[in-house]
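The primary structure of each chain is shown beneath.
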Amino acid sequence: MNATGVEMRGRFDRDVAWSAFAMLVPIGAGLLALPVIFHNVGQQVFTLFLLSYGAINFAPNLDLGVARTAQRRIAYSVKFHTGTRMALVRHSLKLAALVSVGMALAAMIGAAILFPSQGNPTSRLGLAVVTGFGVALAIYANCQRGVLEGLGAFSRSALNRAGVGIMLVAAPLLISFLVREATVLSLAALMIRLPFIWEQQRAIHAALKRKAAGERHEDVLGGFMRESAWFAFLSVLAVAMSGFDRYILIAWASLAGDQLAIFLATQDIALRAIAVPTALLPALTVRLAAGGDPASMRILSRRLFLAVVPAVLLGCIGATLLSRQIGHILYPQLPAADTVATLRTLLFGIAASAIAQFPMARLVAAGHVRDAALMHLGEFAIYIAVAPPLIAHFGALGAAALWSGRIIIDTAALIVWSGVRQGERASMIWEGVALAGTIVLIALIGAAG
């Protein structure tokens, strides 16, 4: 391999390592801190806090595709004149601010309607307001990270993500020893984001000054709007299918108490686990979008696949075998049998998600966001049909089955379509076998255990 190829692989490996670090540190912090918060404040306050905290953590999915579009377009703009790239960055951040404000208002209204009653109207309104502001800050910070990663500044983005991830649980943890109020806990998590947003803004300016640019000019803003529109559609559908399971438990099925707490607690574990392979997607997408020798790109993709998918599968197998111990250690207050069954069901989705990142990265890097959005539209029709009866009859277990089932179907569709659309037949076979084998293996181990 020539020097350029070796250097590219080295940069790619560093980007992946930084992305993994950025997610593993907050995951560990959350797994340690949240059970302590549960113990300090009790089930009712903890459930309310997790509803707000979960909405804020899920907020990056509500950015209407701005972060992912900015990431790909800025990576692609390496060939463009400095003025073109700076205009693209400014447009991305301006659009991010507008989306943040709009989603904050929607989150406030939704939280005021859907969050369970606290007996105190002021507290309920306060939690809704804090949730809305938290959503706005989370969306804007995520778009900043998209810009940074598009500029290749993965280390700055990763350090910021790791730092804010730790403090988002450390601040509520410290407050929980003093106050048993969900609004105050969420406010602590909200305020801690502000210095990290300021630091990311400085990092963007520094990265723009360092990044070399070509002399080519292009109307990147027109392309940005077209691409972000499809990303927006994709985001709305994804949120509808995977973000509101918890609210269906409240509003549609009228399930409260243990069932809601079980699903919130176990899904928080699942979302933290699923964030690891998802965090590695930008490194691959940026490299593919920037272009290069197709053979070299396939080598990078397969190296990452062999590093990530077996590790996630081993983690899911271990979690299946130790699910009773995990439930007992983290949440001993919840019914053991239901907690274990729900956690094991969520593990199928975690494993499938690790595989889904690879066909998704190929489609996004090639600008085929529309394809993924139309796939989600078909899945949405199925979701609407099966969600109410599943959750109404099976509670937390039904919501977990819906979550994992959607991810498995989505992964299979992405694998097949990327293989056909982009001629990646070898990758389609490789990833398809991995998906089928993963599901069967986890099912067999779960049945035996």
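It should be emphasised that the depicted structure is a prediction, and the values quoted were computed from it without experimental measurement.

(A) Region of interest: the packing of aromatic side chains. Per the counting criterion, the structure on display carries 6 aromatic pairs. Centroid distance Phe305 to Phe358: 5.1 Å. Interplanar angle 65°. Geometry classified as edge-to-face. Separated by 53 residues along the polypeptide, Phe305 in helix 12 (residues 294–321) and Phe358 in helix 14 (residues 336–365) bring together distant segments of the chain. For the pair shown, Phe305 and Phe358 are each scored as buried.

(B) Region of interest: the environment of His328. Relative to the helices and strands, His328 is located in helix 13 (residues 323–330). In this structure His328 comes out as exposed when scored by relative accessible area, which is 58%. With 11 residues separating them along the chain, His328 and Thr339 place their C-alpha atoms 9.0 Å apart.

(C) Representation of the packing of helix 13 against helix 14. At a minimum axis separation of 9 Å, helix 13 and helix 14 run at an interaxial angle of 120°. Comparing their axes, helix 14 and helix 13 come out oblique. Both helix 13 and helix 14 take part in a crossing whose hand is right-handed. Mapping the contact onto sequence places Ser323, Arg324, Ile326 and Gly327 in helix 13 and Thr339, Val340, Leu343 and Arg344 in helix 14.

(D) Seen up close, the pattern of salt bridges. Inspection of the entire model under this criterion finds 1 salt bridge. Of the charged contacts in the structure, one is a salt bridge between Arg362 and Glu431, with a shortest N-O distance of 3.0 Å. In this pair, Arg362 is assigned in helix 14 and Glu431 in helix 17 (residues 425–448), connecting sequence segments 69 residues apart. For the pair shown, Arg362 and Glu431 are each scored as buried.

(E) Fine view of helix 7 (residues 182–191). Within helix 7, 7 of the 10 residues are buried, which leaves it mostly tucked inside the rest of the structure. Within helix 7, burial applies to Ala182, Thr183, Leu185, Ser186, Ala188, Ala189 and Leu190.

(F) Looking closely at the nonpolar core. Judged by nonpolar contacts, the single largest core of 42 residues is most densely connected at Ile37, Phe46, Phe49, Tyr331 and Leu334. If you list the elements that add at least two residues to this core, you get helix 1 (3–41), helix 2 (43–58), helix 5 (121–150), helix 6 (154–176), helix 7, helix 11 (258–290), helix 15 (369–394) and helix 16 (396–421). Each residue touching Tyr331, except ones within four places of it in the same chain, is listed here: Leu34, Pro35, Phe38, Phe46, Ala265, Ile269 and Ile326. Counting 33 residues, the second largest nonpolar core, distinct from the first, contains Ile56, Val147, Ala153 and Leu190.

(G) Focus on the side chain of Thr320. Examined against the element boundaries, Thr320 turns out to sit in helix 12. Since its relative accessible area comes to 2%, Thr320 is described here as buried.

About the cut-offs
Residues numbered from 1 in each chain as written. Predicted model: local features only at pLDDT ≥ 70, side-chain atom pairs only at ≥ 80, totals over all residues. Heavy atoms only, no water. Phe/Tyr/Trp six-rings, centres within 6.5 Å; stacked < 30°, edge-to-face > 60°. Helix = DSSP H or I, 4+ residues; strand = E, 2+ residues; numbered from the N terminus. Buried < 20%, exposed > 50% of the residue type's maximum accessible area, 1.4 Å probe, protein only. Axes fitted to C-alpha atoms, helices over the stretch in contact; angles between N-to-C directions. Parallel < 35°, antiparallel > 145°, perpendicular 65-115°, else oblique. Left-handed = near helix turned anticlockwise from the far one by under 90°. Contact = heavy atoms within 4.5 Å. Salt bridge = Lys/Arg side-chain N within 4 Å of Asp/Glu carboxyl O. Core = buried A, V, L, I, M, F, W, Y, C linked by side-chain atoms within 4.5 Å.

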